[in-house]
Amino acid sequence: MLKDSYLVGLIGSGIGPSLSPALHEREAGRQGLRCLYRLLDLDTIGVPPEQVGELLRAARLLGFDGLNITHPCKRLVVEHLDALDPRAEALGAVNTVVFEGGRAVGHNTDVTGFATAFARGLPDAPLERVVQLGAGGAGAAVAHATLTLGAERVTVVDALPERAADLAAALNRGFGAGRARAATPDRLPELLAAADGNGGLVHVTPTGMAAHPGLPLPAGLLHPGLWVAEVVYRPLETELLRTARTAGCATLDGGGMAAFQAADAFRLFTGREPDSTRMLADLTELTGGAVGAPQ
């Protein structure tokens, strides 16, 4: 049943700079709705990620209509839900939970968010060989989106070899044998060299966020034949993107994904159709940058 007032929030670590509250509250206001969006920062409240289920239950009791879920809880939250939509079930990762009919239902809007942002921002990027750095909850969604966009092969690189192997196996089950493979970080030099002119790098780890500054790989591995897509959006210009542009790479920031996944989550929370272009403009204003544009 549609309402005119909503209480939603975000669970994650180091989420103080998040623009999700502003994005949801602004769009709600334009549609004549009242939306209160609260941050439940694990670092601030002193709760470990493994207790995400307790936060979920507390939010439910307090009357929340839904929650966004981010690093490091996108996989951990799954076991605490009553149901998953097909995409979230296939990924084993959730970034949006809706409380409906006495149940907590998990969804994943990262897939559509990244796919829309990439198609808009790097429409002509070659996709023969894609190297993805990061195999966590967001990594599963982004790899799925990249293959859906037509990537011939995605190589998943992660510091935890078993996590990369599990994700590659799941992708091959969903998209066909040979579409994905796993690799360790020491193989990045050869993988990125092989992607020269026919692919690029997708970065899906927390490195570069305000709370985790720095580069996720040696700067010398970037070269003009690569495109580089980022999912971090606070800051909008990460050290990786600055370094990649200096090296001559086409780049895509994480702002587009943030805006489009938020629009899809807004639809799930409220049952109303969001104006995703307007929400992208909001993110551009809030960050003071040209969000989601190739550079």
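Above this text is the structure in question.
Since we're looking at a predicted model, the values are computed, not measured.

Chemist: Describe in detail the sheet that holds strand β3 (residues 66–69), supporting the description with residues and values.
Modeler: With respect to topology, 6 strands assemble into an open sheet ordered β2-β1-β3-β5-β6-β4, the strand pairing being mixed. With one partner strand each, in any of the chains shown, β2 (34–41) and β4 (83–84) form the two edges of the open sheet. Both strand β1 (residues 5–12) and β3 contribute to a ladder of 4 bridges, which runs parallel. Its bridge partner being in β3, Ile11 is matched across the sheet by Ile69. Contacts from helix α1 (residues 20–30) reach β2 and β3 within the one sheet, and its direction differs from that of β2 by about 170°. Of the strands in this sheet, β1, β3, β5 (96–100) and β6 (103–107) are in contact with helix α3 (residues 52–61), which crosses β5 at around 40°.

Chemist: Let's hear about the pairing of β3: which residues, and what values?
Modeler: Residue alternation in β3 divides its side chains into two sets, Gly66 and Asn68 and Leu67 and Ile69, and both sets are buried. Pairing geometry for β3 and β5, over 3 bridges, is antiparallel. Paired with Leu67 across the bridge in β5 is Val97.

Chemist: Residues and numbers for the layout of surface pockets, please.
Modeler: There is about 820 Å³ of room inside the largest pocket. Secondary structure elements with two or more residues in the lining of the largest pocket: β3, α6 (137–148) and α10 (255–270). Classifying every residue of the lining of the largest pocket gives 19 nonpolar, 14 polar and 6 charged. Taken as a whole, the second largest pocket encloses approximately 230 Å³ of empty space. Where the lining of the second largest pocket is concerned, the elements lending two or more residues are β5 and α10. Within the lining of the second largest pocket, the residues separate by chemical class into 7 nonpolar, 2 polar and 3 charged.

Chemist: Can you explain the packing of aromatic side chains? Please cite residues and give values.
Modeler: In the structure shown here, the tally under the stated rule is 2 aromatic pairs. For the ring pair Phe114 and Phe118, a centre distance of 5.8 Å and an interplane angle of 35° mean the geometry is tilted. Here Phe114 pairs with Phe118, and both are found in helix α5 (residues 110–121), just 4 residues apart, close to one helical turn. Ring geometry for Phe118 and Trp227: centres 5.0 Å apart, planes at 70°, overall edge-to-face. Of this pair, Phe118 sits in helix α5 while Trp227 is found in strand β11 (residues 226–230), placing the two residues 109 residues apart along the sequence. Exposure remark for Trp227: the relative accessible area of 3% places this residue in the buried category. Clustering of aromatic rings is evident, with ring pairs tying together Phe114, Phe118 and Trp227.

Chemist: I'd like a description of the pattern of salt bridges, backed by residues and values.
Modeler: Going through the model one piece at a time under the given rule, you end up with 15 salt bridges. Its salt-bridge partner being Arg60, residue Asp82 comes within 3.1 Å of it at the nearest N-O pair. Separated by 22 residues along the polypeptide, Asp82 in the loop between β3 and β4 and Arg60 in helix α3 bring together distant segments of the chain. Here Asp275 and Arg278 are joined by a salt bridge, their closest N and O atoms 3.9 Å apart. When its relative accessible area of 31% is taken as the criterion, Asp275 is described as partly exposed.

The rules we used
- Residues numbered from 1 in each chain as written.
- Predicted model: local features only at pLDDT ≥ 70, side-chain atom pairs only at ≥ 80, totals over all residues.
- Heavy atoms only, no water.
- Pairing = 2+ DSSP bridges.
- Helix = DSSP H or I, 4+ residues; strand = E, 2+ residues; numbered from the N terminus.
- Contact = heavy atoms within 4.5 Å.
- Axes fitted to C-alpha atoms, helices over the stretch in contact; angles between N-to-C directions.
- Buried < 20%, exposed > 50% of the residue type's maximum accessible area, 1.4 Å probe, protein only.
- 1 Å grid on protein atoms, 1.4 Å probe; cavity = no way out; pocket = protein on both sides within 12 Å on 5 of 7 lines; lining within 4 Å.
- Points joined across faces, edges and corners; volume = space filled by probe spheres on them.
- Nonpolar A, V, L, I, M, F, W, Y, C, P; charged D, E, K, R; others polar.
- Phe/Tyr/Trp six-rings, centres within 6.5 Å; stacked < 30°, edge-to-face > 60°.
- Salt bridge = Lys/Arg side-chain N within 4 Å of Asp/Glu carboxyl O.

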